[in-house]
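Observations on chain architecture
The residues making up each chain are set out below.
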Amino acid sequence: GESVGLHLPTLSVQEGDNSIINCAYSNSASDYFIWYKQESGKGPQFIIDIRSNMDKRQGQRVTVLLNKTVKHLSLQIAATQPGDSAVYFCAENRPDTGRRALTFGSGTRLQVQP
Amino acid sequence: DGGITQSPKYLFRKEGQNVTLSCEQNLNHDAMYWYRQDPGQGLRLIYYSQIVNDFQKGDIAEGYSVSREKKESFPLTVTSAQKNPTAFYLCATTTGANYGYTFGSGTRLTVV
């Protein structure tokens, strides 16, 4: 089975609120994590990444938090806008597999209500 | 998107036919990947290539084949052995130094 998963398949928030999307991973060897945003019918777009030697990383309106103790990753979006409506995926790099390829979770759909 | 061109955008396949999905990049990236996405699911790795003339199977390689004769191109053939090929296919590239993929816009394949 996949080692990357998500707690909530759909998250509905009001415009202007902050959004938090969660991701659990099960492999302690994972050393790199990425969040992607995918709009309907399009390819995923890179949002933000974080290495396992970090706990937090901030971008423009987005923050990724990594808790290695409980193997949990979250994406926080500040002041959520209608354009943020999409499916969000977390992905991890697992060096234990010997494979230089990302493993993706099943995604969370974010719906922003006006 | 971003220097990766996938074609066609929509593709229809009859039972028993082989079809080839194109992925071309002008990013000068070494690594290229094919993922399959089913409705409401994440991306599953089909094949990947780190360098020209070399490629490796991913998690769901059965019924698919690839080639990497040029750095810019990584075509995926969906053979008749793939029993459930209807899906959204995504090509991605990255430099060898990191894993921040750049994705193409995808090809939606439907069996008719």
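Just so you know, these numbers come straight off a predicted model, no measurement behind them. Numbers given to residues run from 1 along each chain, matching the order in which its sequence is written. Labels follow written order: the first chain is A, the first ligand is 1, and so on. With the structure being a predicted model, the display of local features is reserved for residues of pLDDT at least 70 and the display and counting of side-chain atom pairs for 80 or more, all residues being used for whole-chain, interface and lining totals. Side-chain descriptors were evaluated using all non-hydrogen atoms of the structure, hydrogens and water having been removed beforehand.

**Side note on unusual backbone geometry**
Following S7(B), the chain continues to P8(B) via a peptide bond in cis, the omega torsion being -10°. Here a helix means four or more residues in a row that DSSP labels H or I, a strand means two or more in a row labelled E, and each is numbered from the N terminus. Along the polypeptide, P8(B) turns up in the loop between strand 1 (4-7) and strand 2 (10-13). Positioned with a positive phi, R61(A) is a non-glycine residue whose angle comes to about 65°. Positionally, R61(A) belongs in the loop between strand 6 (56-58) and strand 7 (62-67). Take R61(A): its relative accessible area is 30%, and that puts it in the partly exposed class. The phi angle at N53(B) is positive, at roughly 65°, despite the residue not being glycine. Structurally, N53(B) can be placed in the loop between strand 5 (43-51) and strand 6 (54-57). Relative accessibility under 20% of the residue-type maximum defines a buried residue, over 50% an exposed one, and the middle range a partly exposed one, all with a 1.4 Å probe and only protein chains included. In this structure N53(B) comes out as exposed when scored by relative accessible area, which is 63%.

**A look at the interface of chain A and chain B**
The contact criterion used throughout is that any non-hydrogen atoms of two residues lie within 4.5 Å. The interface is formed by 19 residues belonging to chain A together with 25 residues belonging to chain B. Once two parts are brought into contact, the accessible area they lose, counted with a 1.4 Å probe and summed over both, makes up the buried area. Between chain A and chain B, roughly 1,800 Å² of surface is buried when both sides are summed, and carbon and sulfur atoms account for 51% of that area. On the chain A side of the contact with chain B, R99(A), R100(A) and F104(A) bury the most area, a combined 36% of that side's loss. When a carboxyl oxygen of Asp or Glu lies within 4 Å of a side-chain nitrogen of Lys or Arg, that pair is called a salt bridge. On the surface where chain A and chain B come into contact, there are one salt bridge. Here D59(B) makes a salt bridge to R99(A), at a shortest N to O gap of 3.0 Å. Residues adjacent in sequence count toward polar contacts only when both atoms are side-chain atoms; beyond that, a polar contact is any pair of N or O atoms within 3.5 Å, and within protein one must be able to donate a hydrogen and the other to accept it. Between the two partners, chain A and chain B, sit seven residue pairs in polar contact (both at pLDDT 80 or more). Among the elements of the structure, strand 4 (32-38), strand 9 (86-93) and strand 10 (102-104) of chain A are those that each provide at least two residues to the side of chain A that touches chain B. If you tally residues by element for the side of chain A that touches chain B, the top one is strand 4 of chain A, at four residues. Here the residues of the side of chain A that touches chain B sort into eight nonpolar, six polar and five charged. Three classes are used: nonpolar for Ala, Val, Leu, Ile, Met, Phe, Trp, Tyr, Cys and Pro, charged for Asp, Glu, Lys and Arg, and polar for all others, with Gly counted as polar.

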